[in-house]
Amino acid sequence: MRRTTRYPVNGANPLWQMYRTVSFWKVVKNFIVIQIARYCPFLSWKNWLYRTFLGMKVGDHSAIALMVMMDIMFPEKISIGSNCVIGYNTTILAHEYLVDEYRLGEVVIGDRVLIGANSTILPGVVIGEGAVVAAGTLVHKDVPPGAFVGGNPMQIIREAER
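All of these numbers come straight from a predicted model, not from anything done at the bench. (Residues numbered from 1 in each chain as written. Predicted model: local features only at pLDDT ≥ 70, side-chain atom pairs only at ≥ 80, totals over all residues. Heavy atoms only, no water.)

A. Looking closely at the packing of aromatic side chains. With the rule as written, the count across this model stands at six aromatic pairs. Aromatic side chains Tyr 7 and Tyr 102 sit 4.9 Å apart centroid to centroid with 15° between the ring planes, which places their arrangement in the stacked category. Here the residue Tyr 7 occupies a position in strand β1 (residues 5-8), and Tyr 102 occupies one in strand β9 (residues 101-104), the gap between them amounting to 95 residues. What makes Tyr 102 buried here is its relative accessible area of 12%. Centre to centre, the rings of Tyr 19 and Phe 24 are 5.4 Å apart; their planes meet at 75°, and the pair counts as edge-to-face. Take Tyr 19: its relative accessible area is 41%, and that puts it in the partly exposed class. Of the residues examined, Phe 24 reaches a relative accessible area of 39% and is grouped as partly exposed. (Phe/Tyr/Trp six-rings, centres within 6.5 Å; stacked < 30°, edge-to-face > 60°. Helix = DSSP H or I, 4+ residues; strand = E, 2+ residues; numbered from the N terminus. Buried < 20%, exposed > 50% of the residue type's maximum accessible area, 1.4 Å probe, protein only.)

B. Geometry of the sheet that holds β9. Reading across from one edge, β1-β9-β8 is the order of the three strands in this open sheet, with antiparallel pairing throughout. This sheet does not close on itself; its edge strands, each paired only once, are β1 and β8 (95-97). This sheet shows a mean twist of 15° between the axes of neighbouring strands, independent of strand direction. One ladder, built from three bridges, connects β8 with β9; its direction is antiparallel. By the bridge assignment, Glu 96 is partnered in β9 with Arg 103. (Pairing = 2+ DSSP bridges. Axes fitted to C-alpha atoms, helices over the stretch in contact; angles between N-to-C directions.)

C. Main features of the side chain of Ser 119. Relative to the assigned elements, Ser 119 resides in the loop between β11 (114-115) and β12 (120-121). Judged by its relative accessible area of 1%, Ser 119 falls in the buried class. In this structure the side chain of Ser 119 is engaged in a polar contact, spanning 3.0 Å, whose partner is the backbone oxygen of Gly 116. Filtering out sequence-adjacent residues up to four positions away, Ser 119 remains in contact with Asn 89, Thr 90, Thr 91, Val 133, Ala 134, Ala 135, Gly 136 and Thr 137. (Polar contact = N/O pair within 3.5 Å; in protein donor to acceptor, adjacent residues only side chain to side chain. Contact = heavy atoms within 4.5 Å.)

And the structure:
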(Lines give C-alpha, C1' and ligand atoms only; values in the text may rest on other atoms or scores of the structure.)
Protein backbone atom coordinates (compact mmCIF):
# COMPACT_ATOMS: atom_id res chain seq x y z
CA MET A 1 0.00 0.00 0.00
CA ARG A 2 1.33 3.43 -0.91
CA ARG A 3 1.75 6.00 1.84
CA THR A 4 -0.56 8.81 0.76
CA THR A 5 -2.74 11.22 2.66
CA ARG A 6 -6.29 11.41 1.32
CA TYR A 7 -8.22 14.67 1.08
CA PRO A 8 -11.92 14.28 0.16
CA VAL A 9 -13.59 17.09 -1.79
CA ASN A 10 -17.21 18.09 -2.27
CA GLY A 11 -18.79 19.33 -5.48
CA ALA A 12 -16.64 19.45 -8.59
CA ASN A 13 -13.64 17.15 -8.89
CA PRO A 14 -10.39 18.24 -7.24
CA LEU A 15 -8.80 19.56 -10.44
CA TRP A 16 -11.49 22.25 -10.56
CA GLN A 17 -10.46 23.18 -7.01
CA MET A 18 -6.68 22.75 -7.27
CA TYR A 19 -5.76 26.35 -6.43
CA ARG A 20 -7.39 25.85 -3.05
CA THR A 21 -4.76 23.19 -2.36
CA VAL A 22 -1.70 24.81 -3.93
CA SER A 23 -0.88 28.40 -4.82
CA PHE A 24 -1.26 29.40 -8.47
CA TRP A 25 2.06 31.29 -8.28
CA LYS A 26 3.84 28.25 -6.81
CA VAL A 27 2.63 26.17 -9.75
CA VAL A 28 3.76 28.85 -12.24
CA LYS A 29 7.23 29.01 -10.64
CA ASN A 30 7.51 25.22 -10.50
CA PHE A 31 6.42 24.90 -14.14
CA ILE A 32 9.07 27.36 -15.33
CA VAL A 33 11.86 25.76 -13.28
CA ILE A 34 10.88 22.22 -14.31
CA GLN A 35 10.74 23.16 -18.00
CA ILE A 36 14.20 24.75 -17.83
CA ALA A 37 15.58 21.71 -15.98
CA ARG A 38 14.03 19.26 -18.44
CA TYR A 39 16.17 20.66 -21.26
CA CYS A 40 19.26 21.67 -19.27
CA PRO A 41 22.31 19.81 -20.64
CA PHE A 42 24.36 20.19 -17.44
CA LEU A 43 23.52 17.73 -14.66
CA SER A 44 25.02 19.86 -11.90
CA TRP A 45 22.92 22.88 -12.96
CA LYS A 46 19.80 20.74 -13.21
CA ASN A 47 20.28 19.35 -9.69
CA TRP A 48 20.97 22.87 -8.40
CA LEU A 49 17.67 24.09 -9.93
CA TYR A 50 15.75 21.24 -8.27
CA ARG A 51 17.37 21.82 -4.88
CA THR A 52 17.30 25.62 -4.89
CA PHE A 53 13.96 26.49 -6.44
CA LEU A 54 11.82 23.38 -5.89
CA GLY A 55 13.01 22.27 -2.44
CA MET A 56 13.77 18.75 -3.65
CA LYS A 57 16.42 16.59 -2.03
CA VAL A 58 18.83 15.41 -4.73
CA GLY A 59 21.95 13.48 -3.72
CA ASP A 60 25.44 14.01 -5.06
CA HIS A 61 26.24 12.68 -8.54
CA SER A 62 22.63 11.81 -9.38
CA ALA A 63 21.87 12.07 -13.09
CA ILE A 64 18.38 13.17 -14.08
CA ALA A 65 18.03 12.71 -17.84
CA LEU A 66 16.51 14.89 -20.51
CA MET A 67 12.73 15.42 -20.29
CA VAL A 68 12.22 13.95 -16.80
CA MET A 69 8.97 15.45 -15.43
CA MET A 70 8.91 16.16 -11.72
CA ASP A 71 5.65 16.75 -9.87
CA ILE A 72 4.60 20.29 -10.76
CA MET A 73 2.54 20.94 -7.64
CA PHE A 74 4.53 19.34 -4.80
CA PRO A 75 8.11 18.67 -5.99
CA GLU A 76 9.39 19.24 -2.44
CA LYS A 77 7.94 15.82 -1.58
CA ILE A 78 10.46 14.11 -3.89
CA SER A 79 13.78 12.82 -2.52
CA ILE A 80 16.45 11.30 -4.76
CA GLY A 81 19.51 9.61 -3.25
CA SER A 82 23.13 9.81 -4.34
CA ASN A 83 24.54 8.38 -7.56
CA CYS A 84 21.12 7.63 -9.09
CA VAL A 85 20.17 7.58 -12.77
CA ILE A 86 16.64 8.68 -13.69
CA GLY A 87 15.96 7.80 -17.34
CA TYR A 88 14.60 9.89 -20.20
CA ASN A 89 10.99 11.08 -19.97
CA THR A 90 10.31 9.53 -16.57
CA THR A 91 7.48 11.10 -14.54
CA ILE A 92 7.72 11.34 -10.75
CA LEU A 93 4.43 12.27 -9.05
CA ALA A 94 3.80 13.34 -5.46
CA HIS A 95 0.09 14.03 -5.99
CA GLU A 96 -2.88 12.43 -7.70
CA TYR A 97 -6.28 13.92 -8.37
CA LEU A 98 -9.22 11.52 -8.43
CA VAL A 99 -12.95 12.19 -8.85
CA ASP A 100 -13.90 12.63 -5.18
CA GLU A 101 -10.51 13.20 -3.54
CA TYR A 102 -6.89 14.06 -4.05
CA ARG A 103 -3.90 12.34 -2.47
CA LEU A 104 -0.41 13.50 -1.55
CA GLY A 105 2.56 11.30 -0.79
CA GLU A 106 6.31 11.52 -0.59
CA VAL A 107 8.49 9.70 -3.10
CA VAL A 108 11.80 8.43 -1.73
CA ILE A 109 14.39 7.09 -4.13
CA GLY A 110 17.37 5.48 -2.41
CA ASP A 111 21.06 5.66 -3.31
CA ARG A 112 22.41 4.00 -6.50
CA VAL A 113 18.95 3.48 -8.03
CA LEU A 114 18.50 3.12 -11.79
CA ILE A 115 15.11 4.08 -13.23
CA GLY A 116 14.71 3.28 -16.93
CA ALA A 117 13.26 5.64 -19.52
CA ASN A 118 9.53 6.39 -19.72
CA SER A 119 8.74 5.08 -16.25
CA THR A 120 6.08 6.58 -13.98
CA ILE A 121 6.57 6.77 -10.22
CA LEU A 122 3.32 7.24 -8.26
CA PRO A 123 3.06 9.14 -4.96
CA GLY A 124 3.80 7.45 -1.66
CA VAL A 125 6.38 4.91 -2.81
CA VAL A 126 9.90 4.12 -1.64
CA ILE A 127 12.42 2.72 -4.11
CA GLY A 128 15.10 0.95 -2.09
CA GLU A 129 18.84 1.40 -2.37
CA GLY A 130 20.43 -0.27 -5.39
CA ALA A 131 17.12 -1.12 -7.06
CA VAL A 132 16.71 -1.23 -10.84
CA VAL A 133 13.42 -0.19 -12.46
CA ALA A 134 13.02 -1.35 -16.07
CA ALA A 135 12.06 1.14 -18.77
CA GLY A 136 8.34 1.82 -19.08
CA THR A 137 7.47 0.61 -15.58
CA LEU A 138 4.53 1.95 -13.56
CA VAL A 139 5.86 1.99 -9.98
CA HIS A 140 2.69 1.72 -7.88
CA LYS A 141 4.18 0.14 -4.75
CA ASP A 142 7.46 0.03 -2.85
CA VAL A 143 10.52 -1.49 -4.50
CA PRO A 144 12.75 -3.56 -2.15
CA PRO A 145 16.45 -2.65 -1.95
CA GLY A 146 18.47 -4.31 -4.70
CA ALA A 147 15.43 -5.63 -6.55
CA PHE A 148 14.94 -5.60 -10.32
CA VAL A 149 11.35 -4.64 -11.20
CA GLY A 150 9.41 -3.96 -14.36
CA GLY A 151 6.07 -3.92 -16.11
CA ASN A 152 2.69 -2.26 -15.93
CA PRO A 153 1.65 -2.94 -13.28
CA MET A 154 5.09 -3.34 -11.74
CA GLN A 155 6.19 -6.81 -10.75
CA ILE A 156 9.33 -7.97 -8.99
CA ILE A 157 11.44 -9.76 -11.59
CA ARG A 158 14.38 -10.54 -9.32
CA GLU A 159 14.97 -10.02 -5.60
CA ALA A 160 18.33 -8.87 -4.28
CA GLU A 161 20.86 -11.60 -3.73
CA ARG A 162 21.61 -12.18 -0.07
